[in-house]
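A structural walkthrough
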Amino acid sequence: MQYSRLNKLLLAGACVLCSCRSVYKGLEGTAGDAACIQQFRPQFSNTLYSTKVDVLHHHLSGLLFFKQMPDSSLRVVFASETGFKFFDFEFAKNGGFVKHYMMPAMDKKPVVKALQKDFELVLMRADLRQASVLREGPFNYAAIPTPKGNNYYITDTACTRLERIEKSSRRKPVVKAWMYNYREGVPDSISIQHQNFTFNISLQRVEK
């Protein structure tokens, strides 16, 4: 099955990583405030995106809706343009996560977990108290520790522009994300790409 293959790819990727030198070995500590990245946190309220998701041999397209709820949680609902629902997730303000629905063909733990972590990466709700600032060349890396590596929010050294986001293992990025052309605190486009297997998400904002 495709999702058994996904598990095998994840394990193979981890084995390869063990024998590789870290691409982050050039990072050095620098003065700076990691909290400056908060200016790039998307201010989703009722925001709609035209969306494409590629998972191995599955291709899904439709509309993804970010809806801010009265309790400050955020619902993320992805459905086809004909109304067929693919998934419905809830991200609580305190970091909690609820899967309200996942289409049966994709309702596998690795897939749900990957989607959860991908959206958490771009929602930028992580606790910054343990974050540090590193530098390499013309870029600053706001590094937020995770159990298996770091989440890096990479900016110019003045922290005026978000270059990209990386979710890393100990040695190299496993997910990269970009958010472009912010308007009123919301990016016009978002791209999320896994580095070890085919799992990509592309969002383009739709004006309602």
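Everything numeric in this text was worked out from a predicted model, so none of it was measured.

**Comments concerning the confidence of the model for the protein chain**
Of the residues in the protein chain, 90% reach a pLDDT of 70 or more, and the chain-wide mean stands at 90. Confidence over residues 14-19 falls short of pLDDT 50; this stretch has five contacts with residues more than four positions distant or in other chains.

**Examining the nonpolar core**
Membership of the largest hydrophobic core comes to 47 residues, with the highest contact counts inside it found for Phe66, Phe87, Leu115 and Tyr153. Here this core takes eight residues from helix 2 (residues 109-123), the largest share from any one element. When residues no more than four places from it in sequence are discounted, the contact partners of Phe87 are Leu64, Val76, Val77, Phe78, Tyr101, Met102, Leu115 and Phe119. In terms of nonpolar packing, the next biggest core, distinct from the first, is built from seven residues, Leu27, Tyr141, Tyr152 and Ile154 among them.

**Concerning the layout of surface pockets**
Its boundaries defined by the atoms lining it, the second largest pocket holds a volume of some 390 Å³. In this structure, the second largest pocket is lined by 21 residues; those nearest its centre are Lys117, Glu120, Arg125, Ala126 and Asn151. Here the residues of the lining of the second largest pocket sort into nine nonpolar, six polar and six charged.

**A word on the pattern of salt bridges**
Applying the stated rule across the entire model yields nine salt bridges. The partner of Asp107 in a salt bridge is Lys99, and the shortest N-O contact between them spans 2.9 Å. A relative accessible area of 33% means that Asp107 is categorised as partly exposed. On the accessibility criterion, Lys99 (36% relative accessible area) is partly exposed. For the salt bridge of Asp188 with Arg183, the shortest nitrogen-to-oxygen distance reads 2.9 Å. Each of Arg75, Lys85 and Asp88 takes part in one network of salt bridges that share partners.

What counts and how
Residues numbered from 1 in each chain as written. Predicted model: local features only at pLDDT ≥ 70, side-chain atom pairs only at ≥ 80, totals over all residues. Heavy atoms only, no water. pLDDT = per-residue confidence, 0-100. Contact = heavy atoms within 4.5 Å. Core = buried A, V, L, I, M, F, W, Y, C linked by side-chain atoms within 4.5 Å. Buried < 20%, exposed > 50% of the residue type's maximum accessible area, 1.4 Å probe, protein only. Helix = DSSP H or I, 4+ residues; strand = E, 2+ residues; numbered from the N terminus. 1 Å grid on protein atoms, 1.4 Å probe; cavity = no way out; pocket = protein on both sides within 12 Å on 5 of 7 lines; lining within 4 Å. Points joined across faces, edges and corners; volume = space filled by probe spheres on them. Nonpolar A, V, L, I, M, F, W, Y, C, P; charged D, E, K, R; others polar. Salt bridge = Lys/Arg side-chain N within 4 Å of Asp/Glu carboxyl O.

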